[in-house]
Amino acid sequence: MSVLRNQIVPWIKVLACQALVLAIVLSLSGSLTPGSLTPGTLPVLLGQGAAAAGLGLLLRMPRIWLLVQFLLPVAVVYGDAVPAWAYLVAFVLCALVYWNSASEQVPLYLTNRRTWQALADLVAASQARRVVDLGSGMGGVVTFLARAHPAVEVSGLETAPLVVAASKLRIAFSRLPNARIVYRSLWDADLGTYDVVYCFLSPVPMARLFEKARREMRPGTLFVSNSFTVPGRAADRILDVDDARHTQLHIYTL
Ligand SMILES: C[S@@+](CC[C@H](N)C(=O)[O-])C[C@H]1O[C@@H](n2cnc3c(N)ncnc32)[C@H](O)[C@@H]1O
């Protein structure tokens, strides 16, 4: 069902918008003076893409699909102009970023600023000394928490190569002595050394990860999952973040 909702329905909308815009362009090009509107030229293709993206906006499509709408006419007509190696480079870059999508079924998406703040408040309230973000992505959580709480040691564990490199650079530039990113799988971490363990992963690893947390974390410490619950175990507390995506932090006290 989710494949239908997330992949097939948006493509049907994209094709419907593109077809409508193309039909309008073709009918206008016939009725206007010759040469004033030539289908297939770059400005017309960009105009078509912009109009289709506008329709997508009216249909409240997510931003990524508006980009698809905008680029599709140019990509279809000028696709051959892109050298074959560029597709290989794009594939390798995507693989280095979305490294854990296939093996762990955890893609890259990021905690938002309001949730960073909610986490910072939680860290203060729990008087934590050591905090970890399991699968730390671009290091946003680590940087924010380390800046908000200079006395707290904040770590991020990550294994997507390009993401590790980018987040290590981010930490280096922000000059936060209490922040660090480690190239390590979350499955190899000793969770017993942290007071707050945060994760924003996917439904897939939650049961196994919580079992690991239960074995390793000390009594009274907190396991906090953004959005994804632990199957078969109710959270001790749910924190509703006042943001557009209605983020919920599921807090489990060990
Ligand atoms: C949804 S992102 C969350 C990023 C970051 N925690 C945030 O909230 O902004 C999940 C991250 O977990 C990483 N990840 C998945 N499996 C992992 C593993 N076994 N060890 C370390 N990182 C992992 C992915 O590469 C991805 O960057």
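Residues numbered from 1 in each chain as written. Predicted model: local features only at pLDDT ≥ 70, side-chain atom pairs only at ≥ 80, totals over all residues. Heavy atoms only, no water.

Observations concerning the environment of phenylalanine 200
Among the structural elements, phenylalanine 200 can be located in the loop between β4 (196–199) and α9 (206–216). Between the C-alpha atoms of phenylalanine 200 and serine 227, which are 27 residues apart in sequence, the distance is 7.1 Å. (Helix = DSSP H or I, 4+ residues; strand = E, 2+ residues; numbered from the N terminus.)

Some details on the site of the ligand
Around the ligand sit 23 residues, and of these Asn100, Thr111, Asp133, Gly135 and Glu158 come closest. In the environment of the ligand, an oxygen atom lies 2.7 Å from a nitrogen or oxygen atom belonging to the side chain of asparagine 100. In the model, an oxygen atom of the ligand is placed 2.6 Å from a nitrogen or oxygen of the glutamate 158 side chain. Relative to its free-state accessible area of 590 Å², the ligand is covered by the protein chains to the extent of 99%. For the shell around the ligand, the residue count by class is twelve nonpolar, seven polar and four charged. (Near = heavy atom within 4 Å. Polar contact = N/O pair within 3.5 Å; in protein donor to acceptor, adjacent residues only side chain to side chain. Areas by Shrake-Rupley, 256 points an atom, 1.4 Å probe, with all protein chains shown as cover. Nonpolar A, V, L, I, M, F, W, Y, C, P; charged D, E, K, R; others polar.)

Notes on the packing of aromatic side chains
In this description, an aromatic ring pair is defined by two values, namely the gap between the centres and the angle between the planes. Scanning all chains against the criterion turns up seven aromatic pairs. When the centroid spacing of 5.4 Å and the interplanar angle of 70° are considered together, the rings of phenylalanine 210 and phenylalanine 223 count as edge-to-face. With phenylalanine 210 in helix α9 and phenylalanine 223 in strand β5 (residues 222–226), this pair connects stretches of sequence that are 13 residues apart. In this structure phenylalanine 223 comes out as buried when scored by relative accessible area, which is 0%. A connected cluster of aromatic rings, assembled from ring pairs, spans Tyr109, Phe200 and Phe228. One Lys or Arg, arginine 208, reaches over the ring of tryptophan 187 and ends 3.8 Å from the middle of that ring. (Phe/Tyr/Trp six-rings, centres within 6.5 Å; stacked < 30°, edge-to-face > 60°. Buried < 20%, exposed > 50% of the residue type's maximum accessible area, 1.4 Å probe, protein only. Lys NZ or Arg CZ within 6 Å of the ring centre and 35° of its normal.)

Quick notes on the nonpolar core
By size, the foremost hydrophobic cluster in this structure holds 50 residues, and its most contacted members are Leu134, Leu145, Val197, Leu209, Phe223, Val224 and Leu249. What valine 197 contacts, discounting residues up to four positions off in sequence, is Val132, Leu134, Leu191, Met217, Leu222, Phe223 and Val224. Counting five residues, the second-largest nonpolar core is a separate cluster that includes Cys17, Val21, Val25 and Val44. (Core = buried A, V, L, I, M, F, W, Y, C linked by side-chain atoms within 4.5 Å. Contact = heavy atoms within 4.5 Å.)

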